[in-house]
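Structural overview for review
Letter by letter, the chains look like this.
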Amino acid sequence: MSELEIKQNNSSEVKPNASVKEKLQIPYAVLCELTHRCPLSCPYCSNPVELEMKSKEIDTETWKRALSEAVKIGILQAHFSGGEPTARKDLEELIQHASSIGLYTNLITSGVLITEERLKKFYDAGLDHVQVSIQDTDPENSEKIAGYKGHAKKLHTCGLIRKVGLPLTVNAVMHRQNLHNLKSMIDLAVELDAERLEVAQVQYYGWALKNQTAFLPTKEQLDNATEIVEEARVRLKGILAIDYVVPDYYAKRPKSCMGGWGRQFLNITPAGKVLPCHAAESLNFLEFDNIKDKPLSWIWENSDAFNRFRGTSWMPEPCQSCDRKEIDWGGCRCQAFALTGNENATDPTCEFSPYRNVLDEPLSNVGKEEIPEFIYRKINVRKPLNGIGHNSNKSPKS
Ligand code: SF4
Ligand code: FES
């Protein structure tokens, strides 16, 4: 598909009558959130505060059609995520379909529900890659963070992934309560024969914002982590690749979240809503089109939610006059809205943002106040679904 011209939907605050044409990019990846069901209860979960129940999940044929439509608009990669995507019994069928139409397929999993037999089925279906989240190297802390007793099972699953011949990435969300184990996390990734370690940071919107004080690392912890990663990258060249981004609260410029709103990615929720980013439902005034009602190409091109922050014409000052506006696209919309209540605000992580002060208070208290207990997600599940569901503050029995 060649580049299309679309009309930019403008912010009411900025150039209300402008009708600016923006170049529509071809997205390269779709994140398929197959389900919100998950046995874990990580307090930094990026899924929406309101989770979709199983009865709202779209069926196999709708997912397959969505994947085919993704290929038609030029998408190259399908990432199967959740919740816990292996809770869907049709996962192998979806992988097989995606693979048969030429998509690169990646499974993002907690690893606690997978058997060797199922992994072999995924491999035979054409799965290209697996990412497993590990909460910490200390089993007790790992299980406390996950809200689930499954650390040993995760490590076992990593072994099985390599045994069946799939490449492995370890996803490690690092924060105040596990950064002291970063060195051992790197050693563990090598031991597990992972090809990549993603040292991710907690993003403070949705559920994670409730646990901000429990997770915000100190500056000293971060400086130390940066040194550890730099040393390990040299030492492990050719053995383990390490992705590491300094948390943006401590940075001077925001990240280019999602590579810019509506530019590179789209996300399909368990119920079939198509979002510009996985956290976009936190912008609770947006309405999202559904793959059940409209073709994906139409949604990518015309959906109000996608056009709302596409390009640069919606931006207020100082972004509007800034030479980085097509580099970071004004930062993260979900974070800006969560922290300021103003969806158009320059991301407060930018040193030029008029809202920068909303970060100064939490940052000035880091390390001084007691670390609070985690607030875990709770939803009322009338009847547990094969034991799967976010439903407790306590660790379920494994
Ligand atoms: Fe990015 Fe806006 Fe800050 Fe410039 S002013 S660096 S565009 S967030
Ligand atoms: Fe939604 Fe950054 S997470 S735009």
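A short tour of the structure in this document, coming up. Here the structure is a predicted model, which means the values were calculated and not measured.

Each helix and strand counted, the protein chain has 12 helices and 11 strands in total. Split into buried and exposed, the 398 residues of the protein chain put 46% on the buried side. Residue pairs at least 24 apart in sequence account for 72% of intrachain contacts in the protein chain once pairs closer than 6 positions are excluded.

With that settled, consider the sheet that holds strand β7 (residues 168–174). The strands that make up a sheet pair up through hydrogen bonds in the backbone, lying either parallel or antiparallel. Strand order in the open sheet made by the nine strands is β9-β8-β7-β6-β5-β4-β3-β10-β11, with mixed pairing throughout. Looking along the sheet, the strands with just one partner apiece sit at the ends: β9 (241–244) and β11 (274–275). Across four bridges, the pairing between strand β5 (residues 104–109) and strand β6 (residues 129–133) is parallel. For Asn106, the partnering residue across the bridge sits in β6 and is His129. Contacts from helix α2 (residues 91–100) reach β4 (77–81) and β5 within the one sheet, and its direction differs from that of β4 by about 170°.

It is worth spelling out the packing of helix α1 (residues 60–72) against α2 at this point. Where α1 contacts α2, the axes come no closer than 10 Å and their chain directions differ by 20°. One way to sum up the angle between α1 and α2 is to call them roughly parallel. The chirality of how α1 crosses α2 is right-handed. Between α1, through Thr60, Trp63, Lys64 and Leu67, and α2, the contact on the second element is made entirely by Glu93, Leu94, His97 and Ala98. A class-by-class count of the residues in the contact of α1 with α2 yields four nonpolar, two polar and two charged.

Let us now look at the site of ligand 1. Near ligand 1 there are 14 residues, and of these Cys319, Cys322, Arg324, Lys325 and Cys350 occur at the shortest range. Split by residue class, the shell around ligand 1 holds six nonpolar, three polar and five charged.

Looking now at the environment of Ala251. Locating Ala251 in the fold gives a position in the loop between β9 and β10 (265–268). Its 13 C-beta neighbours within 10 Å are what place Ala251 among the partly exposed residues. On a C-alpha basis, the gap between Ala251 and Thr349 in space is 6.7 Å, while along the polypeptide they are 98 residues apart. Apart from the residues lying within four places of it in its own chain, the contact partners of Ala251 are Val246 and Thr349.

Let's shift gears to the pairing of β10. In β10, alternate side chains face the same way, and those of Phe265 and Asn267 on one face and Leu266 and Ile268 on the other are all buried. Pairing between strand β3 (residues 29–33) and β10: four bridges, direction parallel. By the bridge assignment for β10, Ala29 is matched with Phe265. As defined by bridge partners, β10 adjoins β11 across two bridges and the pair is classed as antiparallel.

With 94 residues, the main nonpolar core has Phe80, Val170 and Cys334 as its most contacted residues. Val170 has contacts with Val132, Ile134, Ala189, Leu192, Ala194 and Leu197, leaving out every residue within four places of it along the chain.

The element β7 is largely enclosed, with a buried count of six among its seven residues. Sheet analysis places β6 next to β7, joined by four bridges and oriented parallel. By the bridge assignment for β7, Gln131 is matched with Thr169. Where β7 meets strand β8 (residues 196–201), six bridges bridge the pair, whose relative direction is parallel. Bridge pairing in β8 places Asn171 opposite Glu198. Crossover connection from β7 via helix α6 (residues 182–191) to parallel β8: handedness right-handed.

Rules of the game
- Residues numbered from 1 in each chain as written.
- Chains lettered and ligands numbered in written order.
- Predicted model: local features only at pLDDT ≥ 70, side-chain atom pairs only at ≥ 80, totals over all residues.
- Helix = DSSP H or I, 4+ residues; strand = E, 2+ residues; numbered from the N terminus.
- Buried ≥ 20, exposed ≤ 12 C-beta atoms within 10 Å, placed from the backbone.
- Contact = placed C-beta atoms within 7 Å.
- Pairing = 2+ DSSP bridges.
- Axes fitted to C-alpha atoms, helices over the stretch in contact; angles between N-to-C directions.
- Parallel < 35°, antiparallel > 145°, perpendicular 65-115°, else oblique.
- Left-handed = near helix turned anticlockwise from the far one by under 90°.
- Nonpolar A, V, L, I, M, F, W, Y, C, P; charged D, E, K, R; others polar.
- Near = placed C-beta within 6 Å.
- Core = buried A, V, L, I, M, F, W, Y, C linked by C-beta atoms within 7 Å.
- Right-handed = clockwise from strand over helix to strand, strands pointing away.

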